[in-house]
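Here is how the chains run, residue by residue.
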Amino acid sequence: MVASQGKGQAQEIQATSIEILGACDPETYPLQKRGQDSKDKKTVTLPLEFLREKAHLRPRTNTFGAVLRIRHHMTFAIHKFFNDKGFFNLHSPIITGSDAEGAGEMFRVTTLDLNNLPKTPEGKINFEEDFFGKETNLTVSGQLEGELAALALSQVYTFGPTFRAENSNTPRHLAEFWMIEPEVAFNDINDNMNLAEDMLRYLVRYALEHCHDDVQFLNDTYDDKLVARLHSVIENPFARISYTQGVEILVEAMEKKKFEYKPEWGKDLQKEHENYLVEHFNGPVIVTGYPKDIKAFYMKLNDDGKTVRAMDILFPWIGEIIGGSQREDDYEKLLARINEMHIPQEAMWWYLETRKFGSCPHSGFGLGFERLLLFVTGMTNIRDVIPFPRFPKSAEF
RNA sequence: UCCUUCUUAGCUCAGCUGGUUAGAGCACAUGACUGUUAAUCAUGGGGUCCCUGGUUCGAGUCCAGGAGAGGGAGCCA
């Protein structure tokens, strides 16, 4: 190690011998040392679409090094946030026997011989002969288990893999993703919103403080508004509106703006509607009080009998980053909703018993971890914020 | 799943109204030069034009089907 004569560096190593531990043939190594159009940029990059096909090598790039480090720090920050608040981490099951939430298509888990399926006398598949003696799937949500834990430990959160077999081909969906689902006893919908907003703000601040160099690198390389956007989220409170107010704003906007889908009370907000609201408030928006018919059965019914205590947090470009609600804690009302929506009551027996045997108001929400990472890294495709993305027709690596 | 654009060298792309040997930049190799760091200069190697079929004397180019990718939408986190 000697003082350097060269510009832009203080020291340099003068090697007496070099040992090659693992050779790399430059003729066939797919990652070039230089990317395209490097003249106008501070840093050089290979196309992300190309790197997606080289998921075994892309962690070696500056970009994925930054993303994976940020991913780690965000994982840690989530545990720290909840631990510091006295929450307990709950390991909800990955294999589940119920499609309770109706959150989407599920992946079947089976050990049956697919080429020789056991049949019942009626000719249907006999799942009694399957490993668990019943139909089982990969989880789409740990919420229901989180709820029963919250009714015991008061404040819990899950943070685990989640699976959706939906044929979704978008830059915002994965078949396998990670979800954070806190659940808190005695929290109402407003406490729930406060917790969610505190958490998001905490996580963004944590990223700026602990991943400064990596965030700055991504800012300089891909999105020069990234750092400014992160600061904006920390500094400004989220707008909070009711679904009804949201529809009013959208209807009003129709005077000067054309929507492909007409905003109408009772219908779900379309992506273009969400985008408009986020632009309208120039930042994250929390929408509450959705019509009961477009939301899940477990959400607490408001006194008006028409809306439920649901809340969605909408982020710029990403859309829904968090979805949550106050839960229906009244046994009779919950049972009525289950029957109304034709959910098999017998599959829900244990969930119903949590209301039957000592209930209390409680609330929670789900945060899509990769969607959080989209926001924090400024990446625009969710397949670039998870090391090994799984999506329709793709489970390589 | 729907709409849309695309698929040509390792990468990014050009290739006209169909025409004979498919090009460029970068990357790579060799040589020269140089306290270099986006080096530079010279030379060179490198192609299943995504796949299948069709039209045609002739298809990278036109037609049909398929596969994959990007963007948008739906489903959602």
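Cut-offs applied
- Here, residues in each chain are numbered from 1, in the same order as that chain's written sequence.
- Chains and ligands are labelled by the order in which they are written, letters from A for the one and numbers from 1 for the other.
- At least 70 in pLDDT is required for a residue's local features to be given in this predicted model, at least 80 for side-chain atom pairs to be given and counted, and no such filter applies to totals for whole chains, interfaces and linings, which use all residues.
- As a rule here, side-chain values come from all non-hydrogen atoms in the structure, and water together with hydrogens is ignored.
- Runs of E in the DSSP output that reach at least two residues are strands. Runs of H or I that reach at least four are helices, and both are numbered from the N terminus.
- Relative accessibility decides the category of a residue: with a 1.4 Å probe and only protein chains considered, values under 20% of the type maximum give buried, values over 50% give exposed, and everything between is partly exposed.
- Note on definitions: a residue-residue contact is assigned when non-hydrogen atoms from the two residues lie within 4.5 Å.
- Directions are taken from the helix axis to each C-beta atom, and the arc is the one they span.
- Here, strands pair whenever DSSP counts at least two bridges between them.
- In this analysis an axis means a line fitted to C-alpha atoms, helices contributing only their contacting stretch, and an angle means the value between N-to-C directions, from 0 to 180 degrees.
- Angle categories are assigned with fixed cut-offs, so that under 35 degrees is roughly parallel, over 145 is roughly antiparallel, 65 to 115 is roughly perpendicular, and the rest are oblique.
- Residues are grouped as follows: Ala, Val, Leu, Ile, Met, Phe, Trp, Tyr, Cys and Pro are nonpolar; Asp, Glu, Lys and Arg are charged; every other residue, Gly included, is polar.
- Residues enter patches when their relative accessible area tops 30% and they take part in no salt bridge; the joining distance is 9 Å for like charges and 5 Å for the nonpolar side chains Val, Leu, Ile, Met, Phe, Trp and Tyr.
- All accessibility values rest on the Shrake-Rupley procedure with a 1.4 Å probe; residue burial counts only the protein chains present in the view.
- When a carboxyl oxygen of Asp or Glu is within 4 Å of a side-chain nitrogen of Lys or Arg, the pair counts as a salt bridge.
- Only buried residues count toward a nonpolar core, which is a set of Ala, Val, Leu, Ile, Met, Phe, Trp, Tyr and Cys residues joined through side-chain atoms within 4.5 Å.
- In this scheme, a crossing is called left-handed if the near helix is turned counterclockwise away from the far one by less than a right angle; it is called right-handed if the turn is clockwise.

**Considering the overall build of chain A**
For chain A, the helix and strand inventory stands at eleven helices and 13 strands. Along the first, second and third principal axes, the C-alpha atoms of chain A reach 80 × 60 × 45 Å. Expressed as a percentage of the 397 residues in chain A, the buried residues total 48%. Within chain A, contacts between residues separated by at least 24 positions form 68% of all contacts whose residues are at least 6 apart in sequence.

**Topic: helix α7 (residues 243-253)**
Where α7 is concerned, the buried positions are Y243, G246, V247, I249, L250 and A253. Down the axis, α7 shows its buried residues gathered within 160 degrees of arc, on one side only. Buried residues in α7 make contact with β9 (239-242), α8 (271-281) and β10 (285-291).

**Some remarks on the sheet that holds strand β3 (residues 88-89)**
One open sheet holds the eight strands; their spatial order is β3-β7-β8-β13-β12-β11-β10-β9, and the pairing between them is mixed. The open sheet has two edge strands with one neighbour each: β3 and β9. Direction of pairing for strand β11 (residues 307-315) relative to strand β12 (residues 319-326): antiparallel, over a ladder of six bridges. Paired with M311 across the bridge in β12 is G324. With respect to the sheet, helix α11 (residues 369-377) is in contact with β7 (155-163), β8 (176-185), β11, β12 and β13 (362-368), its orientation differing from that of β13 by roughly 60 degrees.

**Topic: the packing of helix α5 (residues 212-221) against helix α6 (residues 226-235)**
Axis separation between α5 and α6 bottoms out at 8 Å; the angle between their running directions is 125 degrees. As judged from the angle between their axes, α5 and α6 are oblique. Every residue of α6 that contacts α5 at V215, Q216, L218 and N219 is listed here: L226, V227 and L230. Classifying every residue of the contact of α5 with α6 by side-chain character gives five nonpolar, two polar and no charged.

**A short note on a nonpolar patch on the surface**
On the surface, I94, I95, F131 and F132 cluster together to form a nonpolar patch covering roughly 400 Å² of accessible area. Looking at the element boundaries, I94 is found in the loop between β3 and β4 (95-96).

**Description of the nonpolar core**
In this structure, M74, L200 and I322 are the most contacted members of the largest nonpolar core, which totals 63 residues. Take this core: its biggest share by element is twelve residues, from helix α4 (residues 189-210). What I322 contacts, discounting residues up to four positions off in sequence, is A196, M199, L200, M311, D312, I313, F365, G366 and L367. Of all hydrophobic cores here, the second largest spans 30 residues; its members include A239, Y243, Y290 and M348.

**Considerations on the environment of M348**
Assignment of secondary structure puts M348 in the loop between α9 (331-340) and α10 (349-356). A relative accessible area of 1% places M348 in the buried class. Distance in space between the C-alpha atoms of M348 and G97 is 10 Å, their sequence separation being 251 residues.

**Points about the packing of helix α2 (residues 62-84) against α11**
At a closest axis distance of 11 Å, the pairing of α2 and α11 adopts a crossing angle of 120 degrees. Accordingly, the angle class assigned to the pair α2 and α11 is oblique. When the axes of α2 and α11 are compared, the crossing they make is right-handed. Contacts from V67, I70, R71, M74, T75 and I78 in α2 reach F369, E370, L372, L373, V376 and T377 in α11. The residue makeup of the contact of α2 with α11, split by class, is eight nonpolar, two polar and two charged.

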